[in-house]
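Observations on the three-dimensional arrangement
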Amino acid sequence: MSLVRVHNFSVSLDGYGTGEGQSLEAPFGHAGDRLHRWFFHTRTFRRMQGKEGGDTGVDDAMARAWGDGIGAEIMGRNKFGPQRGPWENHDWNGWWGPDPVFHTPVFVLTHHPRPSVEMAGGTTFHFVDASPEEALRQARAAAGGLDVRIGGGPHTVRAFLAADLVDHLHVVVVPIVLGRGERLWDGLEGVEERFRTEAVTSPSGVTHVTFTRA
Ligand SMILES: NC(=O)c1ccc[n+]([C@@H]2O[C@H](COP(=O)([O-])OP(=O)(O)OC[C@H]3O[C@@H](n4cnc5c(N)ncnc54)[C@H](OP(=O)(O)O)[C@@H]3O)[C@@H](O)[C@H]2O)c1
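Treat the numbers as computed from the prediction; the structure is a model and nothing was measured.

**Notes on the packing of aromatic side chains**
Inspection of the entire model under this criterion finds 13 aromatic pairs. Aromatic side chains Trp38 and Phe39 sit 5.2 Å apart centroid to centroid with 40° between the ring planes, which places their arrangement in the tilted category. As far as burial versus exposure is concerned, Trp38 and Phe39 are alike and both buried. Aromatic side chains Phe40 and Phe45 sit 5.0 Å apart centroid to centroid with 55° between the ring planes, which places their arrangement in the tilted category. Positioned above the aromatic ring of Trp87 is the side chain of Arg77, whose terminal nitrogen or guanidinium carbon lies 4.1 Å from the ring centre. A cation sits over an aromatic face here: Arg149 above Trp66, 4.0 Å from the ring centre.

Structure representation (structure tokens):
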């Protein structure tokens, strides 16, 4: 059976995966770019942007596992874009431009389904109103035997952890305190008992913690 994986998921010391006040101008709310600064200097991130260079240290070694063996992604509607409630129109196709970084089918969980949209480079966004179990069934069927990545945000990763559907979780603990926003761990007391955990601290100041199903 293919695995369900989460990669490069940044959380503040107080457990927030995004700040308060998400908007078009501030996709991570009041967190700004503070959760992801560790990522911007990596070769992996620069390649995603079509750029050369970037660091190849610990952060990149952890970050680059993101795409290997992935055949589909599941994300929450709030990661897909800043709109909330019924869609006013279908003009918004994500933050990632005409050729999104995913290059696989992407299942966007939403209570407001809309027609699928095929982008350049192999990314197709499908909009599904489904339980985590049902969304995973659809993603697996589309993934051609490869693994399924849960792309976030915190609400969605939390739901898949609560349903015990995650096999590998890579959390990046960033030494900042956000104080408000959307927390990853709420309701997940003792979740670590289902996993083997390892941690490595990077010179950049972040700690990479991996949870692998025991
Ligand atoms: N820390 C990181 O590494 C990381 C990674 C990715 C994203 N993010 C950030 O996280 C933020 C978004 O996270 P979030 O926790 O606010 O939201 P999210 O997980 O992206 O999306 C939650 C929304 O998805 C829809 N949804 C979720 N489960 C559903 C289900 N089973 N059935 C139907 N609809 C469902 C609902 O929207 P509707 O009811 O409106 O349809 C729900 O409000 C953004 O700021 C993004 O940039 C952070």
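**Considerations on the pairing of strand β11 (residues 207–213)**
Two elements, strand β8 (residues 168–174) and β11, share six bridges in a ladder whose sense is antiparallel. Its bridge partner being in β11, Val173 is matched across the sheet by Thr207. Note: strand β10 (residues 195–201) against β11, seven bridges, orientation antiparallel. For Thr197, the partnering residue across the bridge sits in β11 and is Phe211. Hairpin geometry of β10 and β11 is characterised by an intervening segment of five residues between the two adjacent antiparallel strands and by a positive phi of about 105° at Gly205.

**Comments concerning helix α5 (residues 132–142)**
Of the residues making up α5, those classed as buried are Pro132, Ala135, Leu136 and Ala139. On an axial view of α5, the arc spanned by its buried residues comes to 100°, and they lie on one face. Pointing more than 90 degrees away from the buried face of α5 are the exposed residues Arg137 and Ala141. Considering only its buried residues, α5 is in contact with β1 (4–12), β3 (70–76), β4 (105–109), β7 (147–152) and α6 (154–162). Positive phi shows up at Gly144, right after α5, with a value of about 60°.

**Considering the site of the ligand**
Contacts to the ligand come from 26 residues, most closely from Pro27, Arg77, Thr110, His111 and Thr156. Here Arg77 contributes a side-chain N or O atom positioned 2.7 Å from an oxygen atom of the ligand. A distance of 3.1 Å separates an oxygen atom of the ligand from a polar backbone atom of Gly153. Against a free-state accessible area of 940 Å², the protein chains account for coverage of 88% of the ligand. Contributions of two or more residues to the shell around the ligand are made by β1, β2 (16–18), α4 (77–80), β7 and α6. Along the lines of polarity and charge, the residues of the shell around the ligand split into six nonpolar, 16 polar and four charged.

How each quantity is defined
Within any chain, residue numbers begin from 1 and follow the written order of that chain's sequence. With the structure being a predicted model, the display of local features is reserved for residues of pLDDT at least 70 and the display and counting of side-chain atom pairs for 80 or more, all residues being used for whole-chain, interface and lining totals. Side-chain measures here rest on the full set of heavy atoms in the structure, leaving out hydrogens and waters. Any pair of Phe, Tyr and Trp rings, taking the six-membered ring for Trp, is counted once the centres come within 6.5 Å. Such a pair is stacked with planes under 30 degrees apart, edge-to-face with planes over 60 apart, and tilted for the rest. Working definition: with a 1.4 Å probe on protein chains only, accessible area under 20% of the residue-type maximum means buried, over 50% means exposed, and in between means partly exposed. Placement of a positive charge over a ring is assigned whenever Lys NZ or Arg CZ falls within 6 Å of the ring centre and within 35 degrees of the normal to the ring plane. If DSSP finds at least two bridges between two strands, the strands pair. Comment: elements are numbered from the N terminus, with helices defined as DSSP H or I runs of at least four residues and strands as E runs of at least two. When we speak of the arc, we mean the arc of directions from the helix axis to the C-beta atoms. Working rule for contacts: check all heavy atoms of both residues, and any pair within 4.5 Å makes them a contact. Being near a molecule or strand, for a residue, comes down to having at least one heavy atom within 4 Å of it. Under the rule applied, a polar contact is a pair of N or O atoms within 3.5 Å (in protein, one hydrogen donor and one hydrogen acceptor; residues adjacent in sequence only if both atoms are side-chain atoms). Values of accessible area rely on a 1.4 Å probe in the Shrake-Rupley scheme; residue burial ignores everything except the protein chains shown. Side-chain classes are defined by residue name, with Ala, Val, Leu, Ile, Met, Phe, Trp, Tyr, Cys and Pro counting as nonpolar, Asp, Glu, Lys and Arg as charged, and the others, Gly among them, as polar.

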